[in-house]
Structures are given as structure tokens and as C-alpha cells.
Amino acid sequence: MKKTIILFFISALSSIGYAQEANKQKELGITFNSLYSYGIAYKTGTATELWRFNTVYGALDRSTRTFDSLTQKNINNGIGLSIGREGRNKVANKVELRYGFDVNFRYSNYQQTSDYTNNSANSSRKLVQYTPGLGLIFGFNYLINENLILGAEILPTIGYNLSNETITNSNGTKNNFKTKGVTLSGINNNMALITLACRF
């Protein structure tokens, strides 16, 4: 009798483990919310709960503007990393509700140089920012087919920004400004993050 009970429990545990393994899924995709902000998203878990890992390359932008004797060059780039937990509920035939949270970190670097043809007032500005934060996830998935997903989400985020700005004047003197403070982002609809992912 004892052997029968033991064998029953072993069989039951094996069945549960097999079912959980069968329900596991992974997703790999690209994310973007503008032409200058894109990244890679990887998710792993089950159909209703997943761990998410995002890398976002933001504001990879270079520009040059000329005004009479002035040439102004701007370089703006940054990177963001996030780890979070995402839950999902099916709300329609091909639509899923997404919700959860992210712990994130962002780094940005902005540089501007102003050059005059007569070198009379050349100057430069550099701004470096570090922003750790915590964000909420709210969005939807549309299942194009069983392996391809189109998603959209907003990420209201509260962060703590540390900024270091250096301004170099035409005479070579430098002024340094350091600031810090709480920031809120991701509330505007224009900041919606679009994801196109493959499920496997």
C-alpha cells in the first residue's frame, strides 16, 4: 500500500512538472517608440506570467545646423536597461491585457558644440544623466498568429535623476553644474512602447 501511494505521488509530481514545462514560452522581439529610440525585448515564463528583460537604445541622434557664421553640432545618445515581471489575461479572441512592473536604469549623454568661422566665441556643452527608476506596465497584445505578437504599452515611471553638466566658454573656462531630483515619465500617450515579438 505504501509503495502504491509513493508511486502515485511520484507520478502526480511528474505530470505536474511536465505540464508546467509544456506551458512555458519565450519571446524575443524589437521595441520602439520613435525613429530614434529602439531596443530588444526578451521574455520567458508561462502564458500568464513572464519575466521581462529589455534593452533600449534611445535618442541616437546627430545633427548639424548652420546660422550665418555659426555651425552648431549636436550629439544625443543613451541606453536603458530594465528587468520586470509581466502578467497577462486574455480579454478577446486575439487580444491580451498586459500589466506588471519594471526596475530600470537609464543613461544619456548630450553634447553640443558651437563653432564660429572667426573663432570669436566657440563654446561647448556636455550633459550626462543617470536615472534609476521603477515603472508600472499597462498595455495590450494583439496575436497576429500563434508565433507573432504585436504589443503596445505605456510605462508610467518614477525615477531619481543625477545630472552633471559642463559648459566650456570661448575663453576656455569651464562651469560645472550638478543636479538631482525625482522625475516622472511615460505618462504621455506619445511615449507608448511598441513591440513586435516572435514566440517560441
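Values in this document were obtained by computation on a predicted structure and should not be read as measured data. (Residues numbered from 1 in each chain as written. Predicted model: local features only at pLDDT ≥ 70, side-chain atom pairs only at ≥ 80, totals over all residues. Heavy atoms only, no water.)

Below, the discussion takes up the overall build of the protein. Regarding its fold elements, the protein presents one helix and ten strands. Shown N-terminal to C-terminal, the secondary structure of the protein runs as helices and strands in the order α-β-β-β-β-β-β-β-β-β-β. Residues classed as buried in the protein amount to 28% of the 200 residues present. A fraction of 55% describes how many contacts in the protein between residues 6 or more apart in sequence connect residues 24 or more apart. On the protein, roughly 13,000 Å² of surface is accessible, and the fraction owed to carbon and sulfur atoms is 62%. (Helix = DSSP H or I, 4+ residues; strand = E, 2+ residues; numbered from the N terminus. Buried < 20%, exposed > 50% of the residue type's maximum accessible area, 1.4 Å probe, protein only. Contact = heavy atoms within 4.5 Å. Areas by Shrake-Rupley, 256 points an atom, 1.4 Å probe, with all protein chains shown as cover.)

Time to look at the confidence of the model for the protein. In the predicted model, the protein carries a mean pLDDT of 84, and 82% of its residues have values of at least 70. Confidence scores differ between elements of the protein, with helix α1 (residues 2-23) showing the lowest mean pLDDT of 48 and strand β7 (residues 148-154) the highest of 95. Every residue in residues 12-20 scores below 50 in pLDDT, and together they form zero contacts with partners more than four places removed in sequence or on other chains. (pLDDT = per-residue confidence, 0-100.)

In this section: a nonpolar patch on the surface. A surface patch of nonpolar side chains, amounting to about 1,000 Å² of accessible area, comprises Phe 101, Val 103, Phe 105, Tyr 130, Leu 134, Leu 136, Ile 158, Tyr 160, Leu 162, Val 182 and Leu 184. Elements that contribute at least two residues to the nonpolar patch include exactly β5 (95-116), β6 (123-145), β8 (157-168) and β9 (174-185). Checked against the element boundaries, Leu 136 lands in strand β6. For Leu 136, a relative accessible area of 54% gives the class exposed. (Patch = residues over 30% accessible without salt bridge, like charges linked within 9 Å, V, L, I, M, F, W, Y side chains within 5 Å. Salt bridge = Lys/Arg side-chain N within 4 Å of Asp/Glu carboxyl O.)

Right, let's get into the pairing of β8. Bridging between β6 and β8 involves ten bridges; their strand directions are antiparallel. Residue Tyr 130 lies in a different strand from β8, and its bridge partner there is Leu 162. Sheet topology places β8 next to β9; twelve bridges connect them, and they run antiparallel. Bridged to Thr 157 within β9 is Ser 185. The hairpin formed by β8 and β9 contains five residues between the paired strands, and Gly 172 there has a positive phi angle of roughly 95°. (Pairing = 2+ DSSP bridges.)

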